[in-house]
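Here is what each chain is made of, one letter per residue.
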Amino acid sequence: METATLARRGTDDFGLSDEEIRLLAQIATGVTADVAARKLELSARTLRRRLRTICDRLEVNTPIEAVVWAARRQLI
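Residues numbered from 1 in each chain as written. Predicted model: local features only at pLDDT ≥ 70, side-chain atom pairs only at ≥ 80, totals over all residues. Heavy atoms only, no water.

### Comments concerning the pattern of salt bridges
In plain terms, the rule: Whenever Lys or Arg places a side-chain nitrogen within 4 Å of a carboxyl oxygen from Asp or Glu, that contact is recorded as a salt bridge. We count a stretch as a helix when DSSP gives it H or I for four or more residues in a row; a strand needs E for two or more, and each element gets its number in order from the N terminus. Partly exposed describes any residue whose relative accessible area lies between the buried limit of under 20% and the exposed limit of over 50%, with all areas from a 1.4 Å probe on protein chains only and scaled to the type maximum.
The tally for this structure, following the rule as stated, stands at three salt bridges. Residues Arg50 and Glu19 are paired through a salt bridge, measuring 2.2 Å at the closest nitrogen-oxygen approach. Of the two residues, Arg50 sits in helix 3 (residues 44–58) while Glu19 sits in helix 1 (residues 18–28), which places them 31 residues apart along the sequence. For Arg50, a relative accessible area of 31% corresponds to the partly exposed category. Under the relative-accessibility criterion, Glu19 is labelled partly exposed at 41%. Glu20 is paired through a salt bridge with Arg57; the nearest N and O atoms lie 2.9 Å apart. Of the two residues, Glu20 is situated in helix 1 and Arg57 in helix 3; the sequence distance between them amounts to 37 residues. Its relative accessible area of 14% is what places Glu20 among the buried residues.

In structure tokens:
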């Protein structure tokens, strides 16, 4: 399975931490939230809560929109 790459390009400008970028990169690979949570050593509930926080901060409605937002800015 391919892993989305993490590019460091001013993530501070967008208010996203390295951990949040890793979370979006993991979701971008197409795995389920449960699988992504295991890979990131989080509970599924924590992962979903963090995704919701990211979506709120970026003013998008879904985690997929957050992934697209990050990809367009070459963060992942």
